[in-house]
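Notes for the structure review
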Amino acid sequence: MGAKIVDFGGWDMPLHYGSQIEEHHKVRRECGMFDVSHMNVVDVKGERVRDFFRLLLANDVARLKTKGKALYSCMLNRQGGVIDDLIVYYMDDSWFRVVMNAATRDKDMAWVNAAAKEFGGLTVTPRHDVAMIAVQGPNAKEKVYQALGEALRAPAGALKPFHAVTVGELFIATTGYTGEDGFEIILPAKAAPFTWQMLHEAGVPPIGLGARDTLRLEAGMNLYGSDMDETTTPLESGLAWTVALEPAERKFIGRETLDKQKALGVPRQLVGLVLEDRGVLRNHQKVACNGAGQGEITSGSFSPTLEHSIALARVPAAVKIGDRCTVDLRGKPASVRVVKYPFVRNGKSCL
Amino acid sequence: MSNIPKDLKYTKSHEWLKPEADGSVRVGITHHAQDLMGDMVYVELPQTGAKVTAGKECGVVESVKAASDVYAPIAGEIVEANTVLSDAPETVNKDCYGAGWMFRMRPANKADLDGLLDAKAYEALVASEKH
């Protein structure tokens, strides 16, 4: 399909199939599809699987009350640092499915396997036999029905956001990493090339990793390894909403540090930045926050929708929305405005 | 495939040069360079009148994914910058050897051009980078 291929955590991944900006606009205005088969799909089964995830994750799977419901969460180390972020699906009372990042696969599996062994009575099965295709954009759902069959319309169309349903061999979820409507579809790996082809014939263009990154940044979604890692807690990473500190008796791994941070005050926060001068904000550029100290850009790029540069940055807690800071842009000071993110949702600016 | 016009001179840092009838030299970045960088979103041009040194940065091109310096290919003085690129940086992707040129300069020493790569040598350089 004419893709420019890059190595991503050992996977050959398409960076773009032509123009990254055009691919970005396609997803915001119509739809596009992403081959995200590198994501690590793992099924965990056992009678006490719910209790296991209540221990393993910072968010509380007790919130998952209906089958197919999904929850976004961080998995923390004992110091409260983020090992990975993931989506967990409640399939049934003895089966939860998690979708984790690819680049962190080895350490994730080591951690989950060790925790499961200690907990006991669980089977942990990485699903090497499945592929994953995300179809995203305002027209995405219609295109999926058109390409893969009207039979999907009733079960998949009825899904609320962040839910999944199994239809035959397809697992269809209303999740995504773009801030647009659409599905993420997990399917048997052997059916993936044909499914991809059917979607392509229905007029769904393939979208590369490049546009995937600008879409998620505009949507204000964290990227593991850039916006958070094992040295940062979710509270310092704009992910406080994904941490369930109630009930207080749920002693999930990493909790102590979070309780302490909460009591003493979280020293750093993740904020949005909008560049007011010309140029492009980039990862690791320093942010001078006047009297409040210094921060650093964790994800910076050009926003194709807004047509100027935006970023996520970790800055001292004293920095407030609306403040102006200065970024060292390749040796030149540039003015940025601190904003609440997301920057873009459902095709429209949130600024 | 990279597009490498036969009648231009090239640098190892992927600029092209074209001698003009008035004695000035037009400079831009090559098809290979813009292809590697992808969609351009910002171009910083040198000031007209600026004195530049061979091999020293005199501008910046930024794509969605990366920033890259543009180097003065030879010593001289900038006589014109292509201000079209300030508002339409994508012109570099669309027409890097034409409307996407970056600046014109007056060489301090015309013979400096002879020390640069010809199309054949540049083609070999691009081929070697692909391995």
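Residues numbered from 1 in each chain as written. Chains lettered and ligands numbered in written order. Predicted model: local features only at pLDDT ≥ 70, side-chain atom pairs only at ≥ 80, totals over all residues.

As a further point, take the overall build of chain A. Secondary structure summary: chain A contains eight helices and 20 strands in total. In terms of overall size, chain A behaves like a compact globule, its C-alpha atoms giving a radius of gyration of 20 Å where 351 residues would be expected to give roughly 20 Å. Each principal axis of the C-alpha atoms in chain A carries an extent, and together these give about 60 × 50 × 35 Å. When burial is assessed residue by residue, chain A has 45% of its 351 residues classed as buried. Counting only contacts in chain A whose residues sit at least 6 apart along the sequence, the fraction spanning at least 24 positions is 67%. (Helix = DSSP H or I, 4+ residues; strand = E, 2+ residues; numbered from the N terminus. Rg over C-alpha atoms; globule rule 2.2 N^0.38 Å. Buried ≥ 20, exposed ≤ 12 C-beta atoms within 10 Å, placed from the backbone. Contact = placed C-beta atoms within 7 Å.)

Our next topic: the sheet that holds strand S12 (residues 182-188) of chain A. Residue and element names in this part refer to chain A. One open sheet holds the five strands; their spatial order is S3-S9-S12-S11-S10, and the pairing between them is antiparallel. A single partner strand is all that each edge strand has here, and the edge strands are strand S3 (32-35) and strand S10 (164-167). On average, adjacent strands in this sheet sit at an angle of 20° to one another, irrespective of strand direction. By the bridge criterion, three bridges tie strand S11 (residues 170-173) to S12 in an arrangement that is antiparallel. Along S12, the bridge assignment pairs Ala173 with Glu184. Helix-sheet contacts for helix H4 (residues 140-148) involve strand S9 (130-136) and S12, and the interaxial angle to S12 is about 35°. (Pairing = 2+ DSSP bridges. Axes fitted to C-alpha atoms, helices over the stretch in contact; angles between N-to-C directions.)

Residue and element names in this part refer to chain A. Cis peptide bonds are those with omega within 30 degrees of zero, and the linkage from Glu246 to Pro247 qualifies with -5°. Within the secondary structure, Pro247 sits in the loop between helix H7 (209-218) and helix H8 (255-264). With an omega of 10°, the peptide bond running from Tyr341 to Pro342 counts as cis. With respect to the element layout, Pro342 can be found in the loop between strand S18 (332-339) and strand S19 (344-345). Look at Asn290: it is not a glycine, yet its phi comes out positive at around 50°. With respect to the helices, strands and loops of the structure, Asn290 is situated in the loop between strand S14 (286-288) and strand S15 (294-303). The class of Asn290 is exposed, set by 11 C-beta atoms lying within 10 Å. Unlike most non-glycine residues, Arg330 shows phi in positive territory, near 55°. Considering the arrangement of structural elements, one finds Arg330 in the loop between strand S17 (324-329) and S18.

What follows concerns the interface of chain B and chain A. In this complex, chain B contributes nine residues to the contact, which on the side of chain A involves 13 residues. At the level of secondary structure, the elements contributing two or more residues to the side of chain B that touches chain A comprise strand S4 (40-44) and strand S6 (57-63) of chain B. A breakdown of the residues in the side of chain B that touches chain A according to their chemical character gives five nonpolar, one polar and three charged. (Nonpolar A, V, L, I, M, F, W, Y, C, P; charged D, E, K, R; others polar.)

For the rest of this paragraph, the subject is the domain arrangement of chain A. All names here are of chain A. Taken domain by domain, chain A holds domain 1 (1-264) and domain 2 (265-349). Computed from C-alpha coordinates alone, the two centres of domain 1 and domain 2 are separated by 26 Å. Taken together, the contact between domain 1 and domain 2 spans 23 residues of the former and 23 residues of the latter. Elements supplying a minimum of two residues to the side of domain 1 that touches domain 2: helix H1 (20-29), H7 and H8. (Domains from an automatic or database assignment.)

What follows concerns the sheet that holds S14(A). Residue and element names in this part refer to chain A. The strand order S13-S16-S15-S14-S17-S18 describes a closed barrel built from six strands, whose pairing is antiparallel. For this sheet, the mean angle separating the axes of adjacent strands, direction not counted, is 40°. Bridge analysis of S14 against S15 gives three bridges, and the strand direction is antiparallel. Along S15, the bridge assignment pairs Ala288 with Gln294. Docked against the sheet, H7 engages S15 and strand S16 (308-316), running at close to 120° with respect to S15.

All names here are of chain A. Within the largest apolar cluster, 126 residues are counted, with the highest numbers of intra-cluster contacts made by Val88, Phe96, Met132, Val135, Ile172, Ile185 and Leu273. Of all the elements, strand S6 (residues 82-92) adds the most residues to this core, at seven residues. For Val88, the contacting residues outside a window of four places in its chain are Phe53, Leu57, Val61, Ala70, Leu71, Ser73, Phe96 and Val98. (Core = buried A, V, L, I, M, F, W, Y, C linked by C-beta atoms within 7 Å.)

Attention now goes to the packing of H4(A) against helix H6 (residues 192-201) of chain A. Residues and elements named next belong to chain A. For the pair H4 and H6, the least separation of the axes is 8 Å and the interaxial angle reads 115°. For H4 against H6, the interelement crossing comes out right-handed. The segment H4 lies against H6, with Lys143, Ala147 and Leu148 engaging Thr195, Met198 and Leu199. Class assignment of the residues belonging to the contact of H4 with H6 gives a composition of four nonpolar, one polar and one charged. (Left-handed = near helix turned anticlockwise from the far one by under 90°.)

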